[in-house]
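Observations on chain architecture
As a plain string of letters, each chain reads:
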Amino acid sequence: MLADLSGKTAIVTGGGQGIGRGIALVLAEQGADVAVADINDERSVSVAEEVQALGRRGISIQVDTTDNDSVKRGVAESISGFGHLDILINNAGIGRLTGSSGSSLEDDWEENWSAVMDINVQGVMRCAKAVLGHFIDRNYGKIINTASGAGRGPIWWGPAKGPEGMANPYGPSKAAVINYTQYLAASVAEYNINVNAICPGQVWTAFHGADPSNLSDPAHDAFMEKSKDVIPLGREQTPEEIGKLVAFLSSDDASSITGQSIHIDGGQRMA
Ligand SMILES: NC(=O)c1ccc[n+]([C@@H]2O[C@H](COP(=O)([O-])OP(=O)(O)OC[C@H]3O[C@@H](n4cnc5c(N)ncnc54)[C@H](O)[C@@H]3O)[C@@H](O)[C@H]2O)c1
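A brief report on the enclosed structure follows.

1. Structural notes on the overall build of the protein chain
Regarding its fold elements, the protein chain presents seven helices and seven strands. Going from the N terminus to the C terminus, the protein chain shows its helices and strands as β-α-β-α-β-α-β-α-β-α-β-α-α-β. Over its C-alpha trace the protein chain gives a radius of gyration of 18 Å, about what one expects of a compact globule, namely 18 Å for 271 residues. Here the protein chain holds 271 residues, and the buried ones make up 45% of them. When contacts within the protein chain are restricted to residue pairs at least 6 apart in sequence, those whose partners lie at least 24 apart make up 73%.

Written out as structure tokens, the structure reads:
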């Protein structure tokens, strides 16, 4: 077994697809019951059913991480559904507003910046705050935040010039997640709560505008080709691989690890 999560319970935000779905399923494979929390109810129901098919309790929770009441309700539902909560996976995030280039040099930069920060940074903080009372009362808890290598500086995914390697405000939002992870880890260490972040590399998901189920999409071929060029291991990462790292960090085997932001990117960034 990769990491023993028997008897543990987790909530995974953005669990309805992509990396979050991969994490939810690996946690379930390792023995955890999983609340799949997503703004898209149809997707969270579907992944909760996949968790159940693995023989675990899976519940779907419609949560918008930009809305404090929604977050509190979702966490309360998870705790009442399972009886207790051990693990928060703060994974919901976006790259930019739909239809926007994301560039801070464009007219919609302010709207775009606010939206990205609201989900990627404040969303993480809202969910952490919502679970902390429960974790502190139990003197136990694991929080894993999904950051990104983009939070450490440029990631050259094309020519090493111009703004392409510097996603903005995505990069700053993930830098904030890395820094907040350190702050929170230091703040709650005395309550036996571990807080870490993961920095995935390139994962073929809807995040890249992809239909992840369509591996014959020419865009997927282009993604694979680029991966060969810019990633030392020469390939993309998979949601399952990300899930395995998260399962380890969620387990008591990782009880001495806190405040870290761990790259899982085929060596694209060696930090
Ligand atoms: N795909 C990559 O290459 C990559 C690389 C590094 C980091 N990441 C990070 O991984 C995380 C997951 O990305 P993904 O690639 O799986 O993207 P995705 O778009 O496939 O999935 C994101 C999920 O989050 C949900 N979501 C969006 N806004 C929400 C909100 N306000 N409240 C609740 N749920 C919400 C969506 O409905 C969706 O199910 C993000 O934080 C992203 O920044 C992705």
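And the narrative resumes.
2. Notes on the sheet that holds strand β5 (residues 141–146)
Spatially, β3-β2-β1-β4-β5-β6-β7 is the arrangement adopted by the seven strands of the open sheet, whose pairing is parallel. The open sheet has two edge strands, β3 (58–62) and β7 (261–264), and neither has a second partner. Here the average twist between neighbouring strands, direction ignored, is 20°. Note that β5 and strand β6 (residues 193–200) share six bridges and pair parallel.

3. Some remarks on unusual backbone geometry
Backbone geometry at N139 places phi at a positive 50°, although glycine is not the residue there. You will see that N192, though not glycine, has its phi angle at about 60°, which is positive. Since 14 C-beta atoms lie within 10 Å of it, N192 is described here as partly exposed.

4. Quick word on the site of the ligand
In the vicinity of the ligand, 29 residues are found, and the nearest of them are G14, G18, G93, T205 and F207. Among the secondary structure elements, those contributing two or more residues to the shell around the ligand are α1 (18–29) and α4 (109–138). Considering each element in turn, the shell around the ligand owes the most residues, three residues, to α1. The class makeup of the residues in the shell around the ligand is ten nonpolar, 16 polar and three charged.

5. Regarding α1
Given a rise of 1.5 Å per residue, twelve residues ought to cover 16 Å, and the 17 Å separating the end C-alpha atoms of α1 matches this to within 8%. With respect to burial, α1 is a largely interior element, twelve of its twelve residues being buried. For α1, the full list of buried residues reads G18, I19, G20, R21, G22, I23, A24, L25, V26, L27, A28 and E29. Trailing α1 by a residue or two, G31 shows a phi angle of about 115°, which is positive.

6. Re the packing of helix α3 (residues 68–82) against α4
Where α3 contacts α4, the axes come no closer than 9 Å and their chain directions differ by 40°. Put simply, α3 runs oblique to α4. Here α3 and α4 pass one another in a crossing that is right-handed. Here N68, V71, K72, V75 and I79 of α3 lie close against α4, whose contacting residues are R126, C127, A130, V131 and H134. By residue class, the composition of the contact of α3 with α4 is six nonpolar, two polar and two charged.

7. Some details on the nonpolar core
Ranked by size, the top nonpolar core spans 54 residues in total, and within it A24, L27, V34, V36 and V246 carry the most contacts. Those residues within four positions of V36 in sequence are excluded, and the remaining contacts are V12, G15, G16, A24, S44, V47, A48, V51, G58, S60 and I61. By size, the runner-up hydrophobic cluster in this structure holds seven residues, among which are A92, V116, I119 and A167.

8. Here we look at the pairing of β7
Across the two faces of β7 the burial differs, with S261 and H263 buried and I262 and I264 not buried at all. Sheet topology note: the β6/β7 ladder contains four bridges and is parallel. Each residue of the ladder has a partner; that of P200, found in β7, is I264.

9. Points about the pairing of strand β4 (residues 87–90)
Alternating positions in β4 separate into two faces, I87 and I89 on one and L88 and N90 on the other, with burial throughout. One ladder, built from three bridges, connects strand β1 (residues 9–13) with β4; its direction is parallel. Each residue of the ladder has a partner; that of A10, found in β4, is I87. The sheet contact formed by β4 and β5 spans four bridges and is parallel. Bridge assignment links I87 to a residue of β5, and that residue is K142.

Rules used in this analysis
- Residues numbered from 1 in each chain as written.
- Predicted model: local features only at pLDDT ≥ 70, side-chain atom pairs only at ≥ 80, totals over all residues.
- Helix = DSSP H or I, 4+ residues; strand = E, 2+ residues; numbered from the N terminus.
- Rg over C-alpha atoms; globule rule 2.2 N^0.38 Å.
- Buried ≥ 20, exposed ≤ 12 C-beta atoms within 10 Å, placed from the backbone.
- Contact = placed C-beta atoms within 7 Å.
- Pairing = 2+ DSSP bridges.
- Axes fitted to C-alpha atoms, helices over the stretch in contact; angles between N-to-C directions.
- Near = placed C-beta within 6 Å.
- Nonpolar A, V, L, I, M, F, W, Y, C, P; charged D, E, K, R; others polar.
- Expected span 1.5 Å × (residues − 1).
- Parallel < 35°, antiparallel > 145°, perpendicular 65-115°, else oblique.
- Left-handed = near helix turned anticlockwise from the far one by under 90°.
- Core = buried A, V, L, I, M, F, W, Y, C linked by C-beta atoms within 7 Å.

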